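Structure at a glance
Spelled out from the first residue to the last, the chains are:
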Amino acid sequence: MRIILITGISGSGKSVGLTSLEDAGYFCVDNLPPTLLRALVATRQEEHADKLAVAMDARSASSLIGLPADIAWLQSQGHEVKVLFLTAKTDSLIARFSETRRSHPLSHRGFSSTAAEDRRTLTECLREEREMLSGVEEISHVIDTSGMSANKLRGWMKALIETDHSPLTVLFESFAFKFGVPLDADLVFDVRMLPNPHYDRQLRPLTGRDAPVQAFLQAQPDATALLADIRGFVEKWLPAFKKDNRSYLTVAIGCTGGQHRSVYMVEQLAAHFRAHEHVILRHRELD
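Numbers given to residues run from 1 along each chain, matching the order in which its sequence is written. Confidence filtering applies because this is a predicted model: local features only for residues at pLDDT of at least 70, side-chain atom pairs given and counted only at 80 or more, and all residues used for totals across whole chains, interfaces and linings. Side-chain measures were taken over the full set of non-hydrogen atoms in the model, leaving aside hydrogen atoms and water.

UniProt positions are given in the numbering used here, feature names are shortened, and annotations may be inferred rather than shown by experiment. Within this numbering scheme, the UniProt entry marks Asp57, Ala58, Arg59 and Ser60 as carrying the feature "binding site: GTP" (unreviewed entry). Position of aspartate 57 relative to the elements: it lies in the loop between strand E3 (51-55) and helix H3 (67-76). Buried residues are those whose accessible area, probed at 1.4 Å on protein chains only, stays under 20% of the maximum for their type, while exposed residues exceed 50% and partly exposed ones sit between those limits. Owing to a relative accessible area of 6%, aspartate 57 belongs among the buried residues under this scheme. For aspartate 57, the contacting residues outside a window of four places in its chain are Thr7, Lys14, Asn31 and Leu64. Secondary structure is summarised from DSSP: a helix means a run of H or I of at least four residues, a strand means a run of E of at least two, and numbering begins at the N terminus for each. Along the chain, arginine 59 turns up in the loop between E3 and H3. Here, residues are in contact when the closest pair of their heavy atoms is within 4.5 Å.

This is the structure we're talking about:
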């Protein structure tokens, strides 16, 4: 059976992710206590199901400590198990809670009263939740949904589902340093030292996917050398990540605006590695 476990920080999009999996044919269960996972899998197996998606959150944090052992057991039974951890920057989460006017699941934890003055602040709840789930995050593939629309998250989930059977998926992601480093990055490379096409008026409205910008950067010896160095580094260490039983490796390339240099680098790297690896391409600022 293919089993996808979704967990992460409240407000990061777990419900959207679970809905995407349901649309892809997975039998989905929301907010399942981890102690019931093995029984659920056994039941679905008796019913000859081949796809299962389960969402777990901080309300079951005390029992999530046993999740690594459950995953190992399920894998020993021949199941394919992947864990997705959705997260986002605190300011993005606060904005989402403000828009939906929902309370955080931990806002009343430990209190007998529901009076507003007795509740934890949202920032306090998020900080506690991150601490509670830190152990699970370490064994998961992290997806940073900061500033991401629901449609974009559905698209990313679809891309992940399509690579379900691959031993390792390499995600190349471009981003702008001025908007922060992606929380889901495993490797981060800075290409801001390269000449910036932004200062060429004809190139400014274009992106690193356009031929004139690509020609501009290909003419820069430093850009060619840096691209070769990054490619060589990833090629050298990719076998070690595979031996570590990773399902995903996210390589993030950043420049100032996330439009020209980082996009060009990611496009070139993805084209190179796609010939012999499972590759997903993301441009955070363009998307």
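Here serine 12 is to be found in the loop between strand E1 (2-8) and helix H1 (14-23). At 2.5 Å, the side chain of serine 12 and the backbone oxygen of isoleucine 9 are in polar contact. What serine 12 contacts, discounting residues up to four positions off in sequence, is Leu86, Thr87, Ala88, Leu93, Arg96, Thr145 and Leu153. Two N or O atoms count as a polar contact when they lie within 3.5 Å, although within protein this holds only if one can serve as hydrogen donor and the other as acceptor, and sequence-adjacent residues are included solely when both atoms are side-chain atoms.

Another point: the sheet that holds strand E8 (residues 248-255). Here four strands make up an open sheet; going across it, the order is E7-E8-E6-E9 and the pairing parallel. Looking at strand neighbours, the two that pair on one side only are strand E7 (187-190) and strand E9 (278-283), the edges of this open sheet. Neighbour-to-neighbour, the strand axes of this sheet turn through a mean angle of 20°, independent of strand direction. When DSSP finds two or more bridges between a pair of strands, those strands are recorded as paired. Across four bridges, the pairing between E7 and E8 is parallel. From the neighbouring strand, valine 188 faces E8, where its bridge partner is alanine 252. The convention used is that axes are lines fitted to C-alpha atoms, helices contributing only their stretch in contact, and that angles between N-to-C directions extend from 0 to 180 degrees.

With that settled, the discussion passes to the side chain of arginine 44. Looking at the element boundaries, arginine 44 is found in helix H2 (residues 37-46). On the basis of relative accessible area, arginine 44 is assigned to the buried category, the value being 15%. Within polar-contact distance, the side chain of arginine 44 engages the side chain of glutamate 47 at 2.4 Å. When neighbours within four sequence positions are excluded, arginine 44 is seen to be in contact with Met1, Phe27, Ala49 and Leu52.

Geometry of a packed helix pair, given as the angle between the helix axes and the separation of the axes. At their nearest, the axes of helix H4 (residues 90-100) and helix H5 (residues 122-137) sit 11 Å apart, and the two run at 125° to each other. Taken together, the axes of H4 and H5 are oblique relative to one another. Between H4 and H5 lies a crossing whose hand is right-handed. Contacts between H4 and H5 involve Thr90, Leu93, Ile94 and Phe97 from the former and Leu122, Thr123, Leu126 and Arg130 from the latter. Taken together, the residues that form the contact of H4 with H5 break down as five nonpolar, two polar and one charged. Comment on the angle field: the value is read as roughly parallel under 35 degrees, roughly antiparallel over 145, roughly perpendicular from 65 to 115, and oblique elsewhere. Working rule for handedness: look at the near helix, and if it is turned counterclockwise from the far one by less than a right angle, call the crossing left-handed; if clockwise, right-handed. Note on residue categories: nonpolar means Ala, Val, Leu, Ile, Met, Phe, Trp, Tyr, Cys or Pro, charged means Asp, Glu, Lys or Arg, and polar means any other residue, Gly included.

Take the packing of H2 against H3 next. Taken N-terminus to C-terminus, the directions of H2 and H3 make an angle of 25°; their axes are 10 Å apart at the nearest point. When the axes of H2 and H3 are compared, the pair comes out roughly parallel. Our pair here, H2 against H3, has a crossing hand that is right-handed. Together, Leu37, Arg38 and Val41 of H2 and Leu67, Ala69, Asp70, Trp73 and Leu74 of H3 make up the contact between the two elements.

In a beta sheet, neighbouring strands pair by backbone hydrogen bonds and run either parallel or antiparallel. Read across the sheet, five strands follow the order E2-E3-E1-E4-E5 without closing on themselves; strand pairing throughout is parallel. Only two strands of the sheet have a single neighbouring strand rather than two, namely strand E2 (27-29) and strand E5 (141-144). Between one strand axis and the next, the sheet turns through 20° on average, direction left out of account. Here E1 runs beside E3; their pairing, made up of five bridges, is parallel. Counted as the bridge partner of arginine 2 is lysine 51 from E3. Running at roughly 165° to E1, H1 makes contact with E1, E2, E3 and strand E4 (80-87) of the sheet.

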